[in-house]
Amino acid sequence: MIYEHDRGMYVLTCDSCGADAEQLFDGFRDAVDWKKDGSNGWRSKLDDAGDWNDLCPDCVEQGPDASGEGDLLE
Ligand SMILES: [Zn+2]
């Protein structure tokens, strides 16, 4: 998920392991754009409840087991 860490500064956090991305963002939109870039290894995955879960590169590598279930790597 992306949350406001301080006034105007946003942090991207892994919804599986809780790790923070290595950088802060000036805005929510910047964080979303960075995440969607793809070159940094982060991925978003829609869960059964229809919420987006953000996964760090480590959790992406571990695949569905890291987040319980899913079709991330298919
Ligand atoms: Zn993670």
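Being a predicted model, the structure only gives us computed values, none of them experimental.

A few points about the overall build of the protein chain
Point 1. Helix and strand counts for the protein chain stand at 2 helices and 5 strands.
Point 2. Of all 74 residues assigned to the protein chain, the portion counted as buried reaches 16%.
Point 3. Intrachain contacts of the protein chain at a sequence separation of at least 6 include 29% that bridge at least 24 residues.

Quick notes on the pairing of strand β1 (residues 2-6)
Point 1. Where β1 meets strand β2 (residues 9-13), 4 bridges bridge the pair, whose relative direction is antiparallel. When the sheet's bridge partners are listed, Asp 6 is paired in β2 with Met 9.
Point 2. Between β1 and β2, which follow one another and run antiparallel, lie 2 residues, and Gly 8 among them has a positive phi close to 80°.

Things to note about the confidence of the model for the protein chain
Point 1. Overall, the prediction assigns the protein chain a mean pLDDT of 86, with 85% of residues at 70 or greater.
Point 2. Within the protein chain, the lowest mean pLDDT, 90, falls on strand β4 (residues 43-46), and the highest, 96, falls on β2.

Focus: the sheet that holds strand β3 (residues 20-25)
Strands in a sheet are paired, the pairing made by backbone hydrogen bonds, and the direction either parallel or antiparallel.
Point 1. Strand order in the open sheet made by the 3 strands is β1-β2-β3, with antiparallel pairing throughout. What marks the edges here is a single partner per strand, and that holds for β1 and β3. Mean inter-strand twist for the sheet, computed between neighbouring axes without regard to direction, equals 30°.
Point 2. Contacts from helix α1 (residues 28-37) reach β1, β2 and β3, with the element oriented near 35° to β2.

Considerations on the pairing of β3
Point 1. Both β2 and β3 contribute to a ladder of 3 bridges, which runs antiparallel. If you follow Tyr 10 over to β3, its bridge partner there is Phe 25.
Point 2. Linking two consecutive strands that pair antiparallel, namely β2 and β3, is a turn of 6 residues; a positive phi of about 85° is found at Gly 18 within it.

Parameters and conventions
- Residues numbered from 1 in each chain as written.
- Predicted model: local features only at pLDDT ≥ 70, side-chain atom pairs only at ≥ 80, totals over all residues.
- Helix = DSSP H or I, 4+ residues; strand = E, 2+ residues; numbered from the N terminus.
- Buried ≥ 20, exposed ≤ 12 C-beta atoms within 10 Å, placed from the backbone.
- Contact = placed C-beta atoms within 7 Å.
- Pairing = 2+ DSSP bridges.
- pLDDT = per-residue confidence, 0-100.
- Axes fitted to C-alpha atoms, helices over the stretch in contact; angles between N-to-C directions.

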